[in-house]
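Notes for the structure review
Residue-level listing of the chains:
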Amino acid sequence: MARTRWTPDHISRIEKPMLSLQPRGGYVVADVKRQLDRVASLMRAGQPVPPISTAGLRQARFREGYSPESVKALFDNVAEWQRQLSQQQEAVEVAAGERPAPERAGLTWSREQQVWVREITFVSTRFGSSYETDQVDDFLDNVLRAMANGEPLPDIRSAQFHMARPGRGGYDAAAVDHFLDQLERIRPLS
């Protein structure tokens, strides 16, 4: 798979976002920064960025937070950049004869299935059994990438995540396992 050619401008806009703050009710700054750090690391590695959800972002009730409108606009911009870069890369590969013209004869995953995976949120816990958040997020990125490309899902039965260290926090293991059970049962439309 070819590397995505993110420009320095794309990366700079993520590393130094122009997001407006509001006194109360905005998204928790740390949550937004965590999402943007993940996006920036994918961009620096030349990887595609799957759709980013605001569903997992907490609202800052009594503190300053990022305006939901400005965060959503930035996430929408990233999705548009990804779409444009994917189209450009596909056109280059077709022109170079590296890939046949797209027929989209692969698997078809419904929009609802993709939204369901993209919008899933897991409760973070510091107590009890929990999985490393980065590993679960990376797996979900791979699932979304496969769906977007019309490919089979990664092998769900072999998905393994390290347990989060006590006190550090991670995604509730039971909730992740339940989601994986549900994910294993979904089928593409064709």
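None of the values given here were measured: they were computed from a predicted structure.

Focus on the sheet that holds strand S3 (residues 124-125)
Strand order in the open sheet formed by three strands is S3-S5-S4, and the pairing between neighbours is antiparallel. Whereas interior strands pair on both sides, the edge strands pair on one side only; in this sheet they are S3 and strand S4 (130-131). Relative to strand S5 (residues 170-172), S4 is paired through two bridges, and the arrangement is antiparallel. Note on S5: the bridge partner recorded for Ser 130 is Asp 172. Against the sheet, helix H5 (residues 133-148) touches S4 and S5, its axis set at about 70° to S5.

What about the packing of helix H2 (residues 29-44) against helix H3 (residues 68-95)?
Across the interface, H2 lies against H3 with an axial gap of 12 Å and an inter-helix angle of 15°. Judged by the inter-axis angle, H2 sits roughly parallel to H3. Our pair here, H2 against H3, has a crossing hand that is left-handed. On H3, the residues touching Val 32, Gln 35, Leu 36, Val 39 and Met 43 of H2 are Val 71, Leu 74, Phe 75, Val 78 and Trp 81. A per-class count over the contact of H2 with H3 returns nine nonpolar, one polar and no charged.

Points about the nonpolar core
One recurring pattern in soluble globular proteins is that nonpolar side chains are buried together. Counting 21 residues, the largest nonpolar core has Ile 14, Val 32, Met 43, Val 49, Val 71 and Val 78 as the members making the most contacts within it. Of all elements in the fold, only helix H1 (8-15), H2 and H3 reach the threshold of two or more residues within this core. Here Val 49 is in contact with Trp 6, Val 39, Leu 42, Met 43, Val 78 and Gln 82, once residues within four sequence places are set aside. Core analysis: the second largest hydrophobic core is formed by 20 residues, Val 136, Phe 139, Leu 144 and Ala 173 among them.

Comments concerning helix H6 (residues 173-185)
For H6, spanning 13 residues, the distance from its first C-alpha to its last is 19 Å, which sits close to the expected 18 Å at 1.5 Å a residue. Every buried residue belonging to H6 is among Ala 173, Val 176, Phe 179, Leu 180 and Leu 183, and all of these are buried. One side of H6 carries all its buried residues, which in axial view fall inside an arc of 125°. Of the exposed residues in H6, the ones pointing more than 90 degrees away from its buried face are Ala 174 and Arg 185. For H6, the elements touching its buried residues are helix H4 (111-119), S4, H5 and S5.

Remarks on the pattern of salt bridges
One pass over the full model with this rule turns up ten salt bridges. Put simply, Arg 58 and Asp 31 hold a salt bridge, and the shortest N to O gap is 2.8 Å. You can see Arg 58 sitting in the loop between H2 and strand S2 (65-66) and its partner Asp 31 sitting in helix H2, a full 27 residues away along the chain. Note on Asp 31: relative accessible area 3%, which makes it buried. Here Arg 83 makes a salt bridge to Glu 80, at a shortest N to O gap of 2.5 Å. On the criterion of helical spacing, the pair formed by Arg 83 and Glu 80 is a turn pair, its members being three residues apart in helix H3. Take Arg 83: its relative accessible area is 40%, and that puts it in the partly exposed class. One network of salt bridges, in which partners are shared, links Asp 31, Arg 34 and Arg 58.

Digging into the environment of Ser 129
Along the chain, Ser 129 turns up in the loop between S3 and S4. Given a relative accessible area of 41%, Ser 129 falls into the partly exposed group. Taking the C-alpha atoms as reference points, Ser 129 and Asp 37, 92 residues apart in sequence, are found 25 Å from one another. Filtering out sequence-adjacent residues up to four positions away, Ser 129 remains in contact with Met 163, Tyr 171, Asp 172 and Ala 173.

Here is what the cut-offs are and how they apply
Position numbers for residues count from 1 along each chain, tracking the sequence in the order it is written. Thresholds applied to this predicted model are a pLDDT of at least 70 for local features of residues and 80 or more for the giving and counting of side-chain atom pairs; totals over whole chains, interfaces and linings are not thresholded and use all residues. Note: side-chain values were computed over all heavy atoms of the structure, leaving out hydrogens and water. Pairing between two strands requires that DSSP report at least two bridges joining them. Numbered from the N terminus, helices here are DSSP runs of H or I no shorter than four residues, and strands are runs of E no shorter than two. Contacts were defined at the residue level, with two residues in contact if any of their heavy atoms lie within 4.5 Å. Throughout, an axis means a line fitted to C-alpha atoms (over the contacting stretch in the case of helices), and angles, computed between N-to-C directions, take values from 0 to 180 degrees. Here the angle decides the label: under 35 degrees means roughly parallel, over 145 means roughly antiparallel, 65 to 115 means roughly perpendicular, and every other value means oblique. The hand of a helix crossing depends on one turn: near helix anticlockwise from the far one by less than a right angle means left-handed, and clockwise means right-handed. The classification used treats Ala, Val, Leu, Ile, Met, Phe, Trp, Tyr, Cys and Pro as nonpolar, Asp, Glu, Lys and Arg as charged, and all other residues, Gly among them, as polar. To define a nonpolar core, start from buried Ala, Val, Leu, Ile, Met, Phe, Trp, Tyr and Cys residues and group those joined through side-chain atoms within 4.5 Å. For the exposure calls, accessible area comes from a 1.4 Å probe over protein chains only, and a residue counts as buried if that area is under 20% of its type's maximum, exposed if over 50%, partly exposed in between. Expected helix span is computed as 1.5 Å times (number of residues minus one). Comment: arc refers to directions from the helix axis out to C-beta atoms. A side-chain nitrogen of Lys or Arg and a carboxyl oxygen of Asp or Glu constitute a salt bridge if their distance falls within 4 Å.

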